[in-house]
Amino acid sequence: QPGTRVADLGAGDGTFTVALARRVGSSGRVYATEIDDEQLADIRQAATEAELSNVTVIKGAISRTNLPGACCDALFSRVVYHHLTESAAINADVFRAIRPGGRLLIIDFEPGGIMNWLGRAETADRHGGHGTPKETVVREVTAAGFQLMRGPESWRGRTYAVLFRRP
């Protein structure tokens, strides 16, 4: 809703960042994180082309988001979790970045199918293929202090969504 502060973890080319920034309006803020310099440039360009002044682009790292403490009401992560090689560190950092009572939405997919052949060894070995089992997400995120609110709910194919709350 207008005025909300949201983080887009692993924002890619900024498609969802732009959509979120329009939704939260000028009184809100969207923090877009990425680790790839080209994608960071793409996000900046997308925000500029959309004439949005409420987007903050942040270079993340393997073990931390680099988001300011208690900066957001919600954090959104779409098809990123299975790429995390240091999920415990990232989950702890996400907990730090979300205000008490804030929400964390993780959208990812179960391992399996043709993508197993394309998966990065570091995460594919940990998760049993390219993707992340739902149970792993719930276990790891709740271990960081979040409470499970809803899900995991299956979507199309192997994709699922899980909603957490920071107490």
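Below is a short write-up of the structure. Residue positions are counted from 1 within each chain, in the order its sequence is given. With pLDDT at 70 or above as the cut-off, local features in this predicted model cover only qualifying residues; side-chain atom pairs require 80 or more to be listed or tallied, and sums for whole chains, interfaces and linings still use all residues. Just so you know, side-chain values use all the structure's heavy atoms and leave hydrogens and water out.

1. Concerning the side chain of Asn91
So, point 1. Only DSSP runs of H or I covering at least 4 residues are called helices, and only runs of E covering at least 2 are called strands; the numbering of each starts at the N terminus. Following the sequence through the fold, Asn91 ends up in helix 3 (residues 87–97).
So, point 2. Categorising residues by exposure relies on relative accessible area from a 1.4 Å probe, with only protein chains included: less than 20% of the type maximum marks a residue as buried, more than 50% marks it as exposed, and the intermediate range marks it as partly exposed. Owing to a relative accessible area of 3%, Asn91 belongs among the buried residues under this scheme.
So, point 3. The contact partners of Asn91, leaving out residues within four places of it in the chain, are Tyr81, Glu140, Val141, Ala144 and Phe146. Contacts are assigned to residue pairs that have any heavy atoms within 4.5 Å of one another.

2. Some words on the pairing of strand 6 (residues 147–154)
Within a regular strand, the side chains alternate between the two sheet faces.
So, point 1. Of the strand pairs in this sheet, strand 6 and strand 7 (residues 159–165) are connected by five bridges, and their pairing is antiparallel. Within strand 7, the position partnered with Gln147 by the bridge is Arg165.
So, point 2. Linkage of strand 6 to strand 7, two consecutive antiparallel strands, is achieved through a turn of four residues, within which Gly157 is found at a positive phi near 60°. Two strands are said to pair when DSSP picks up at least two bridges between them.

3. Focus: the pattern of salt bridges
So, point 1. Salt bridges are defined by distance alone: a side-chain nitrogen of Lys or Arg within 4 Å of a carboxyl oxygen of Asp or Glu. Taken as a whole and judged by the stated rule, the model has four salt bridges.
So, point 2. The shortest N-O distance in the salt bridge between Asp37 and Lys59 comes to 2.9 Å. Here Lys59 lies in strand 3 (residues 55–59) and Asp37 lies in helix 2 (residues 37–49), a separation of 22 residues in the sequence.
So, point 3. Residue classification places Asp37 among the exposed residues on the basis of a relative accessible area of 52%.
So, point 4. Here Arg150 makes a salt bridge to Glu153, at a shortest N to O gap of 2.4 Å.

4. Points about helix 5 (residues 134–143)
So, point 1. All of the buried residues along helix 5 are Lys134, Thr136, Val137, Val138, Glu140 and Val141.
So, point 2. Directly beyond the C-terminal end of helix 5, a positive phi value near 110° is found at Gly145.

5. Details of the sheet that holds strand 1 (residues 5–9)
So, point 1. Across the sheet, seven strands lie side by side as 3-2-1-4-5-7-6; this open sheet has mixed pairing. Looking at which strands have only one partner, the edges of the open sheet turn out to be strand 3 and strand 6. The sheet shows a mean angle of 15° between the axes of neighbouring strands, taken without regard to direction.
So, point 2. Relative to strand 2 (residues 29–34), strand 1 is paired through five bridges, and the arrangement is parallel. The residue bridging Val6 from the neighbouring strand is Val30, located in strand 2.
So, point 3. Relative to strand 3, helix 2 is tilted by about 175°, and along the sheet it contacts strand 2 and strand 3. Whenever a helix is involved, its axis is fitted only over the stretch in contact; in every case the axis is a line through C-alpha atoms, and angles between N-to-C directions fall within 0 to 180 degrees.

6. Observations regarding the state of the cysteines
So, point 1. Disulfides are defined as pairs of cysteine sulfur atoms found within 2.5 Å of each other. Taken as a whole and assessed by the stated rule, the structure comprises zero disulfides.
So, point 2. With no disulfide of its own, Cys71 lies 3.8 Å from the sulfur of Cys72, the closest cysteine sulfur.
So, point 3. Here Cys71 falls in the buried class, since its relative accessible area comes to 3%.

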